Amino acid sequence: MTTLEKIEQEALSLSPEQQGELIDRLIEKSAIAPEVEEAWNAEIASRIDDIKAGRVEGIPHDEVMRELRERAEQRRANA
């Protein structure tokens, strides 16, 4: 088993919340090209504008987290 596979296996054993935190930390520490960061910032601003203007409706946090937990459990069951 490679080092990357070991890290992946350990990451998958974390709770969904811990996995999310790990992803956030890895993204923050990754070298992201300035044009990619600018594009993400523009996309985020556009989505915020859509929400404020009522063009889209958000999904409650609890519902999103429930769905993520269910998906993680399905992946574990299928692994």
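The structure displayed is predicted, hence computed values, not measured ones.

**As for the pattern of salt bridges**
- With the rule as written, the count across this model stands at six salt bridges.
- In this structure, Arg66 engages Glu70 in a salt bridge whose closest nitrogen and oxygen atoms are separated by 3.1 Å. Of this pair, Arg66 and Glu70 both sit in helix H4 (residues 61-78), four residues apart, which is roughly one turn of the helix.
- Glu70 sits in the partly exposed class, given a relative accessible area of 37%.
- Salt-bridge contacts for Glu67 lead to Arg71; the nearest nitrogen and oxygen are separated by 2.5 Å. Residue Glu67 and its partner Arg71 are both found in helix H4; the two are separated by four residues, about one turn of the helix.
- Residue classification places Arg71 among the partly exposed positions, given a relative accessible area of 41%.

Each value, and the rule that gives it
Residues numbered from 1 in each chain as written. Predicted model: local features only at pLDDT ≥ 70, side-chain atom pairs only at ≥ 80, totals over all residues. Heavy atoms only, no water. Salt bridge = Lys/Arg side-chain N within 4 Å of Asp/Glu carboxyl O. Helix = DSSP H or I, 4+ residues; strand = E, 2+ residues; numbered from the N terminus. Buried < 20%, exposed > 50% of the residue type's maximum accessible area, 1.4 Å probe, protein only.

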